[in-house]
Amino acid sequence: MSDFKRVLILGTGPTSIQLAVSIKKHLNCYVGIAGRESVRSETFFEALKQSDHLIRVSVQNEKHRSMEGEYFVDQVFNGYETIKGEWDTIIFSVTTDAYIEVIKQISDKLLKQVKCIVLISPTFGSNSLISNFMNKLNLNAEIISFSTYYGDTRWMHDSPSNHVLTTAVKKKIYIGSTHFPSKNIDKLCKVYEQLGITLEIMKSPIEAETRNISLYVHPPLFMNDISLSAIFGDIETKKYVYKIYPEGPITQYLIRDLLSQWKEIMNILEKINIKSINLLQFMTDDNYPVRLESLSRQDIENFNHLETIHQEYLLYIRYTSLLIDPFSEPDKDGRYFDFSAVPIRKMFINKEGYLDIPRMPKEDYYRIKIIQGIAKYLELNCPTIDKFIKTYESKIEKVAQSRRGEFLSRAFVVQYFEEDLNMICGEIGKNIAEKTLE
């Protein structure tokens with residue numbers, strides 16, 4: 001019996017459209033989309049209404065044709081509290097910091113029918129958060145975590161509509177479930193295979209959640225004085241995320257912090273009995289490869305056992321090797337594609353008319369605060385993570401103070417996420433106790 005007969009997708013971003021098309025195409029099920037009522041989502045709901053719930057996915061690259069398609073969404077809910085009917089599976093396609101806020105708006109009666117919850121782009125601890133919420137309601141739904149969303153999808157014409165463009169697709173992602181083995185994961189593996197993506201099944205959902213490269217690289221790349229000055233307009237010159245200083249934030253000190261933060265997260269994994277990650281191998285084999293002339297297989301595979309200075313050296317090589325796309329075709333002047341020219345986005349006025357902070361580092365702030373909270377719960381020191389948070393929080397406080405009287409989003413407020421952390425740590429503590437008894 002499949003739990004993918006009636007599927008409800010939560011969220012009104014471009015990924016929700018891509019997910020709905022993929023599910024319709026490969027699972028041929030009844031699909032609903034729900035989102036919160038807001039100025040931002042108004043355009044999205046209006047576009048769905050105008051098109052009679054028809055949604056479209058186009059692809060930039062011919063090899064990703066399995067992603068494209070046109071289908072009708074069966075039901076649309078404007079406001080989470082308006083969701084009705086029976087749903088076998090709920091898919092979270094909202095930002096991780098909104099999980100609890102969203103699930104609280106769905107009626108307990110409706111949640112009792114749900115057999116499976118899928119977290120498309122969770123962070124470290126998200127599965128524990130939702131598990132804790134469901135356990136308190138005495139509900140035993142299977143909760144599945146992916147390591148990350150499988151592609152790069154954006155609005156076709158830059159503003160919310162019924163049409164999206166998928167520009168890139170990952171080769172491999174990780175998945176884990178509260179139920180092991182899982183028939184639902186077997187079904188998802190078949191779907192992802194048809195999409196041309198390898199799914200690696202992990203023994204636990206939290207293990208899948210740790211296989212997200214953003215956890216390891218975003219805080220050092222964004223929570224430093226250079227990037228924050230670019231984000232908050234202290235400097236007019238454009239800066240780039242993956243470039244070496246002065247074009248971007250990458251210095252020997254940033255590399256040192258990147259390595260230290262990875263080691264702090266590995267201490268957490270060790271404490272909760274999760275297999276550690278070889279950072280350099282994860283970067284090159286699962287994310288962006290570099291040429292063997294730049295980094296040898298021996299160095300990549302032995303990374304965890306090398307001295308700190310050697311590890312820093314190899315990470316610096318990795319970033320300099322990706323200043324250009326080493327596998328692109330050079331032009332007539334011998335120049336390769338400028339791979340690292342990803343601009344650091346500046347703060348902006350959002351659709352509600354409030355001054356806001358870009359997704360990076362706004363979402364990374366939640367992620368790193370949760371990791372810091374887990375470390376404290378496990379009585380582990382994490383000075384590098386503490387440093388990133390202090391740098392970021394002092395910056396947003398300073399900007400908020402200098403713009404007093406203006407409309408500022410909640411992103412400018414220092415947050416503690418106590419409710420989420422209590423729920424996550426409660427679940428982690430329970431898992432540690434169970435493993436001790438085994």
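Shown above is the structure to which this text applies.
Throughout what follows, the structure given in this document is the object of discussion. (Residues numbered from 1 in each chain as written. Predicted model: local features only at pLDDT ≥ 70, side-chain atom pairs only at ≥ 80, totals over all residues. Heavy atoms only, no water.)

1. Here's the deal with the overall build of the protein
Secondary structure summary: the protein contains 16 helices and 14 strands in total. Among the 438 residues that make up the protein, the fraction classed as buried is 55%. Of the contacts formed within the protein by residues at least 6 apart in sequence, a portion of 72% connects residues at least 24 apart. The average position of the 54 basic charges and that of the 57 acidic charges among the side chains of the protein differ by 1 Å. (Helix = DSSP H or I, 4+ residues; strand = E, 2+ residues; numbered from the N terminus. Buried < 20%, exposed > 50% of the residue type's maximum accessible area, 1.4 Å probe, protein only. Contact = heavy atoms within 4.5 Å. Lys, Arg positive; Asp, Glu negative; His and termini not counted. Charge placed at Lys NZ, Arg CZ, Asp CG, Glu CD.)

2. Let's talk about the sheet that holds strand β11 (residues 172–177)
Read from one edge of the open sheet, 8 strands run β5-β2-β1-β6-β7-β8-β11-β12, paired in mixed fashion. Strands at the two margins of the open sheet, each flanked by one partner only, are β5 (75–78) and β12 (198–201). Between one strand and the next, the sheet's axes are offset by a mean angle of 20 degrees, whatever the strand orientation. (Pairing = 2+ DSSP bridges. Axes fitted to C-alpha atoms, helices over the stretch in contact; angles between N-to-C directions.)

3. Remarks on the layout of surface pockets
Over the atoms, a rolled probe matching the size of one water molecule traces out where space is still vacant. Approximately 820 Å³ is the volume found for the second largest pocket. What lines the second largest pocket is a set of 32 residues, and nearest its centre among them are Ser177, Thr178, Ser204, Pro205 and Asn431. Among the secondary structure elements, those contributing two or more residues to the lining of the second largest pocket are α5 (126–136), α7 (205–209) and α16 (418–437). With 7 residues, the top contributor of residues to the lining of the second largest pocket is α16. For the lining of the second largest pocket, the per-class residue count stands at 13 nonpolar, 11 polar and 8 charged. (1 Å grid on protein atoms, 1.4 Å probe; cavity = no way out; pocket = protein on both sides within 12 Å on 5 of 7 lines; lining within 4 Å. Points joined across faces, edges and corners; volume = space filled by probe spheres on them. Nonpolar A, V, L, I, M, F, W, Y, C, P; charged D, E, K, R; others polar.)

4. Here's the deal with the packing of aromatic side chains
In total, this model carries 18 aromatic pairs according to the counting rule given. Taken together, a centroid distance of 6.0 Å and an interplanar angle of 55 degrees make the contact between Phe44 and Trp155 tilted. Note that Phe44 is positioned in helix α2 (residues 39–50) and Trp155 in strand β9 (residues 151–155), a separation of 111 residues in sequence. Owing to a relative accessible area of 13%, Trp155 belongs among the buried residues under this scheme. Ring centres of Phe77 and Trp87 lie 6.2 Å apart, and the angle between their planes is 85 degrees; on these two criteria the pair is classed as edge-to-face. (Phe/Tyr/Trp six-rings, centres within 6.5 Å; stacked < 30°, edge-to-face > 60°.)

5. Details of the packing of α5 against α16
Running from N to C, α5 and α16 point in directions that differ by 85 degrees, and their axes come no closer than 8 Å. When the interaxial angle is binned, α5 and α16 end up roughly perpendicular. When α5 is examined against α16, the residues Ser128, Leu129, Ser131, Asn132, Phe133, Asn135 and Lys136 are found in contact with a partner set consisting of Asp420, Met423, Ile424, Glu427, Ile428 and Lys430. In terms of residue class, the contact of α5 with α16 is made up of 5 nonpolar, 4 polar and 4 charged. (Parallel < 35°, antiparallel > 145°, perpendicular 65-115°, else oblique.)

6. Brief notes about the sheet that holds strand β10 (residues 163–169)
Strand order in the open sheet formed by 4 strands is β4-β3-β10-β9, and the pairing between neighbours is mixed. Among the strands making up the open sheet, the edge pair consists of β4 (69–72) and β9. With direction set aside, neighbouring strand axes in the sheet form an average angle of 25 degrees. Relative to β10, β9 runs antiparallel, the two being bridged by 5 bridges. In the strand pairing of β10, Gly151 is matched with Val169.

7. Some details on the side chain of Asn350
Tracing the chain through its elements places Asn350 in the loop between β13 (348–349) and β14 (355–356). Among the polar contacts listed, one links the side chain of Asn350 to the side chain of Asp356, at a separation of 3.1 Å. When near neighbours in sequence (up to four residues on either side) are disregarded, Asn350 contacts Asp356 and Ser409. (Polar contact = N/O pair within 3.5 Å; in protein donor to acceptor, adjacent residues only side chain to side chain.)

8. What about the packing of helix α14 (residues 359–377) against α16?
Where α14 contacts α16, the axes come no closer than 10 Å and their chain directions differ by 45 degrees. Judged by the angle between their axes, α14 and α16 are oblique. The handedness of the crossing between α14 and α16 is right-handed. Here Tyr366, Lys369, Ile370, Gly373, Ile374 and Tyr377 of α14 lie close against α16, whose contacting residues are Asp420, Leu421, Ile424, Cys425, Ile428 and Gly429. Across the contact of α14 with α16, the residue classes break down as 8 nonpolar, 2 polar and 2 charged. (Left-handed = near helix turned anticlockwise from the far one by under 90°.)

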